[in-house]
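Residue-level structure breakdown
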Amino acid sequence: MDKIVIEGGRPLKGKIKIGGSKNAALPLMAASLLTSDKVILTNLPKLCDVKTMDSLLEVLGVQTTLLMNRISMQAKKIKRFEAPYELVRKMRASILVLGPLVARNGKARVSLPGGCAIGARPINLHLKALEDMGAKVKLAEGYVEASCSRLKGARIVFDVVTVTGTENIMMAAALAKGQTIIENAAREPEVLDLANLLNKMGAQISGAGTAVITINGVEKLHGATHRVIADRIEAGTYMIAAAMTRGDVMIEDVETEYVAALIQKLKDIGATIETYANKVRVVGPKEILPTDIKTAPYPGFATDLQAQFMTLLTLANGTSTITETIFENRFMHVPELVRMGADLQVEGNTVIIRGVDKLQSAPVMASDLRASASLVLAGLVARGVTDIHRVYHIDRGYESVERKLRKAGARVKRAKVKY
Ligand code: EPZ
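A short tour of the structure in this document, coming up. (Residues numbered from 1 in each chain as written. Predicted model: local features only at pLDDT ≥ 70, side-chain atom pairs only at ≥ 80, totals over all residues. Heavy atoms only, no water.)

**What to know about the sheet that holds strand β18 (residues 292–294)**
Spatial strand order, β18-β19-β21-β20: 4 strands in an open sheet with mixed pairing. Among the strands making up the open sheet, the edge pair consists of β18 and β20 (343–347). When strand polarity is set aside, the average angle formed by the axes of neighbouring strands in this sheet is 15°. The strands touched by helix α10 (residues 306–313) are β18, β19 (319–323), β20 and β21 (350–354); relative to β19, the strand with the most contacts, the crossing angle is about 170°. (Pairing = 2+ DSSP bridges. Helix = DSSP H or I, 4+ residues; strand = E, 2+ residues; numbered from the N terminus. Axes fitted to C-alpha atoms, helices over the stretch in contact; angles between N-to-C directions. Contact = heavy atoms within 4.5 Å.)

Dropping the structure here:
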């Protein structure tokens, strides 16, 4: 197992190039199941989760060629309709093959993803929507089995906004008979990116990116080539890093509209932000001002940036609060930040953050993808050398994190852990 070793105290300077979005790439890859033609994706991030999805698609019978940041996929025939536990347990986004498999193949058997560090993360809304579209759904031996000769369009109203739920149903509806309307749909840019690919494949989808998405089912879909949108969470992570290290960084390949809520909060804490066509310059403030954050579905403040922003606020000149409204246990980074000298108090789904002058380096443990990112950020500003263990979490969502940070002036390296 590797660890990341960071010597803190150096401001980030220069440029950081953002890669393709993990949370767009995964549903885009699953969409290849919907056609027997070739689907090609470019600007694909080199991440463990992408490799896991590639392996899952191969198990299902998709011929794939994954080369650097490009993948070609062709599901001539669905050979297997089961997504096995050993792959799904590694990546809960595997549930994204459920909708496409039922739509293309008439049946699917997907291991229940189970909970993860940040919460129970049920998929009841995915399953209810498929039932509304005529699928027979049953749970057996830790798997969900869904079958239907041909799904029919339905009006789906999601009780809560669900990103992969919206994506699963949009893909299922693309080949259903008749019209599907999804209300209270997720408005995340990754949902819009998936709709753009599906429409290139011949689907008839309108309203993606808003709370109401209309899909007129078609008989079949054809192949397409598509560039994955840039990763707004990777971009946001480095924007926060620039602000908290009193740096001056140009973040390249970021849709500024997709990080609007973050830009507002960075201005509130005193950072200077310059936005251009598809890049953002972030200049960190001498003194970080306190602020209050409440996570919300897009276009609100992203839950995936909550841990990272908390690290920044541990150094604010005053008291801040962060309220997490999406997941019930997304404060795993709190005890690790406290070990580095942060003054944090958890009260239900809110953390009270009393600013301190400095964080101290300490050996810390990553627990989930974004919590590990928040610890890397802490290491960048902590006095001394910080070792972050279980860094495989970060490799799931950040391509070449130490290379990108080193290029921007950080003293960071990866090291093998002996025991
Ligand atoms: C997606 O997860 C992202 N993952 C997550 O990013 C992100 O944090 C999350 O959306 C929220 O923005 C991918 O896109 C691959 P949800 P998803 O369904 O779709 C509840 C990262 O760090 N819910 O939008 O699994 C659920 O418990 C990851 O990159 C139900 O109750 O999240 C949660 O409280 C972490 N029943 C809320 O909805 C359901 O059937 C939002 O979950 C589905 C969801």
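**Topic: the packing of helix α4 (residues 98–105) against helix α6 (residues 163–174)**
With their axes 7 Å apart at the nearest point, α4 and α6 run at an angle of 10° to one another. When the interaxial angle is binned, α4 and α6 end up roughly parallel. Across the interface between the two elements, L98, G99, P100 and A103 of α4 pack against N168, M171 and A172 of α6. Tallied by class, residues from the contact of α4 with α6 come to 5 nonpolar, 2 polar and no charged. (Parallel < 35°, antiparallel > 145°, perpendicular 65-115°, else oblique. Nonpolar A, V, L, I, M, F, W, Y, C, P; charged D, E, K, R; others polar.)

**Observations concerning the site of the ligand**
Around the ligand sit 21 residues in total, of which N124, T162, T164, D304 and I326 are the nearest. In the model, an oxygen atom of the ligand is placed 3.4 Å from a nitrogen or oxygen of the P122 main chain. R370 places a side-chain nitrogen or oxygen 2.8 Å from an oxygen atom of the ligand. Isolated, the ligand exposes 830 Å² of accessible area, and the fraction of that covered by the protein chains is 87%. (Near = heavy atom within 4 Å. Polar contact = N/O pair within 3.5 Å; in protein donor to acceptor, adjacent residues only side chain to side chain. Areas by Shrake-Rupley, 256 points an atom, 1.4 Å probe, with all protein chains shown as cover.)

**Here we look at the environment of R406**
By the secondary structure assignment, R406 is in helix α14 (residues 401–407). Taking the C-alpha atoms as reference, R406 lies 8.9 Å from L12; in sequence the two are 394 residues apart. Excluding anything up to four places from it in sequence, R406 contacts V412 and K413.

**With respect to the pattern of salt bridges**
Scanning all chains against the criterion turns up 25 salt bridges. Between R414 and D395 there is a salt bridge, with its nearest N and O atoms 2.8 Å apart. Of the two residues, R414 is situated in strand β24 (residues 411–416) and D395 in helix α13 (residues 392–395); the sequence distance between them amounts to 19 residues. The class for R414 is partly exposed, based on a relative accessible area of 28%. Bridged by salt links that share partners, the residues R80, E82, R109, K138, E141 and E145 form one connected network. (Salt bridge = Lys/Arg side-chain N within 4 Å of Asp/Glu carboxyl O. Buried < 20%, exposed > 50% of the residue type's maximum accessible area, 1.4 Å probe, protein only.)

Purely spatial values, then, with no claim about function.
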